[in-house]
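# Structure at a glance
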Amino acid sequence: MKGWKYGVFLLIAVGLLGLNGCSQYPKQAADGSPWDSSWTMLGSVLGTEEPENDFFLLENYSVLTGEDLYYATWATGEPSPYTNEDGEEVEVYDAQLYVLVAGCADEEYAQQNKEEWIERQQETYTITEIWDETRNGQTYTLLTYECNSETNPYHRGISAFTVYDTYAMSAELLCRETFTGQEREILLSFLDGCHYSA
């Protein structure tokens, strides 16, 4: 398991679930906000404000593998080369935020997806804290952890998981040892800026 290749293992987990089709973008968010065109869209279900600490959008895949699956990542700091365990040279940033939204056949499958993601985190990292917290009207399960693998360029992280209607959503903020930002505050602020479709 390559703990830092977050998108890869989540795609495997999602691949086991029934997925439904895409729909049109909403006009209003569940929190009462009008849908803002400046938000980063992940399908028609989630719009996100930009994270703090000079994060910039690195990738945004509107649809993965033709299914109801959406992925975006933000980064901060200057990239540095890193050779992964496959011998490939990749770029690693001071910190990187990954968000995945997966449309499921129904709410039960979405909940199952969320639970599987949490289990994978517990298997991959050394968990230091786990709790539930409500941000902007949506309740998340959060985990903080240390990345102890020698093949992982990141030192620590924090993740959030939730289910909204028939969608499972996860956000993972991974930080290098030299990153001086407060990852908990950054992720919680990001969740405050997550808007789900009404």
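Scroll up to find the structure.
Residues numbered from 1 in each chain as written. Predicted model: local features only at pLDDT ≥ 70, side-chain atom pairs only at ≥ 80, totals over all residues. Heavy atoms only, no water.

### A short note on the sheet that holds strand β12 (residues 194-196)
Test applied: At least two bridges found by DSSP between two strands are what make those strands a pair. A run of H or I in DSSP becomes a helix once it reaches four residues, and a run of E becomes a strand once it reaches two; helices and strands are each numbered from the N terminus. To obtain each axis, a line is fitted to C-alpha atoms, and for helices this fit is confined to the stretch in contact; angles are then taken between N-to-C directions over 0 to 180 degrees.
Read from one edge of the open sheet, three strands run β1-β2-β12, paired in antiparallel fashion. The open sheet is flanked by β1 (40-42) and β12, the only strands paired with a single partner. Between one strand axis and the next, the sheet turns through 25° on average, direction left out of account. With three bridges joining them, strand β2 (residues 46-48) and β12 adopt antiparallel strand pairing. Counted as the bridge partner of Leu46 is Tyr196 from β12.

### With respect to the pattern of salt bridges
As a reminder of what qualifies: Salt bridges are defined by distance alone: a side-chain nitrogen of Lys or Arg within 4 Å of a carboxyl oxygen of Asp or Glu.
Enumeration over the complete set of coordinates arrives at four salt bridges. A salt bridge links Glu129 to Arg184, with the shortest nitrogen-to-oxygen separation between them at 2.6 Å. In this pair, Glu129 is assigned in strand β8 (residues 126-135) and Arg184 in helix α3 (residues 183-192), connecting sequence segments 55 residues apart. Within this structure, Glu133, Arg135 and Asp192 form a network of salt bridges that share partners.

### Focus: the nonpolar core
Using the following cut-off: Each nonpolar core is a collection of buried residues, namely Ala, Val, Leu, Ile, Met, Phe, Trp, Tyr and Cys, held together in the definition by side-chain atoms within 4.5 Å. Partly exposed residues are those whose accessible area sits between 20% and 50% of the maximum for their type, while under 20% is buried and over 50% is exposed, using a 1.4 Å probe and protein chains only. By definition in these notes, contact holds between two residues if any of their heavy atoms fall within 4.5 Å.
Residues Val99, Met169 and Leu191 are the most contacted members of the largest nonpolar core, which totals 30 residues. For this core, the secondary-structure elements that each account for two or more residues are β4 (69-76), β7 (95-103), β9 (138-146), β10 (156-164), β11 (167-175), α3 and β12. Those residues within four positions of Met169 in sequence are excluded, and the remaining contacts are Leu46, Val99, Leu100, Val101, Trp117, Tyr140, Ala160, Phe161, Thr162, Leu191, Cys194 and Tyr196. By size, the runner-up hydrophobic cluster in this structure holds 20 residues, among which are Leu69, Val92, Tyr145 and Phe161.

### Side note on the sheet that holds strand β3 (residues 56-61)
In space, the seven strands of this open sheet follow the order β3-β4-β7-β11-β10-β9-β8, with antiparallel pairing throughout. Whereas interior strands pair on both sides, the edge strands pair on one side only; in this sheet they are β3 and β8. The average undirected angle you get between the axes of adjacent strands in this sheet is 15°. In this fold helix α2 (residues 107-124) packs onto β7, β8, β9, β10 and β11, with an angle of close to 170° to the strand it touches most, β10. Relative to β10, α3 is tilted by about 20°, and along the sheet it contacts β4, β7, β8, β9, β10 and β11.

### Structural notes on the packing of aromatic side chains
To be explicit about the condition: Ring geometry is summarised as follows: Phe, Tyr and Trp rings, the Trp one being its six-membered ring, pair when their centres sit within 6.5 Å, and such pairs are stacked at plane angles under 30 degrees, edge-to-face over 60 and tilted between the two.
Summed over the entire model, instances satisfying the criterion amount to seven aromatic pairs. Note on Trp117 and Phe161: the rings are 6.5 Å apart at their centroids and 50° apart in plane angle, and the pair reads as tilted. Of the two residues, Trp117 is situated in helix α2 and Phe161 in strand β10; the sequence distance between them amounts to 44 residues. The two residues Trp117 and Phe161 agree in class, both being buried.

### Quick word on the pairing of β4
Put simply, side chains in a regular strand alternate between the two faces of the sheet. The buried count for β4 comes to eight of eight residues, which makes it a mostly enclosed element. What you see with β4 is no split at all: Leu69, Tyr71, Thr73 and Ala75 on one side and Tyr70, Ala72, Trp74 and Thr76 on the other are buried throughout. Both β3 and β4 contribute to a ladder of five bridges, which runs antiparallel. Bridged to Asn60 within β4 is Ala72.

### Brief notes about the side chain of Arg135
To be explicit about the condition: Within 3.5 Å is the distance limit for a polar contact, defined as a pair of N or O atoms, with the added protein rule that one can donate a hydrogen and the other accept it, and that residues adjacent in sequence qualify only through two side-chain atoms.
Looking at the secondary structure, you find Arg135 in strand β8. At 2.9 Å, the side chain of Arg135 forms a polar contact with the side chain of Asp192. Setting aside residues no more than four positions away along its own chain, Arg135 makes contact with Tyr140, Leu188, Leu191 and Asp192.

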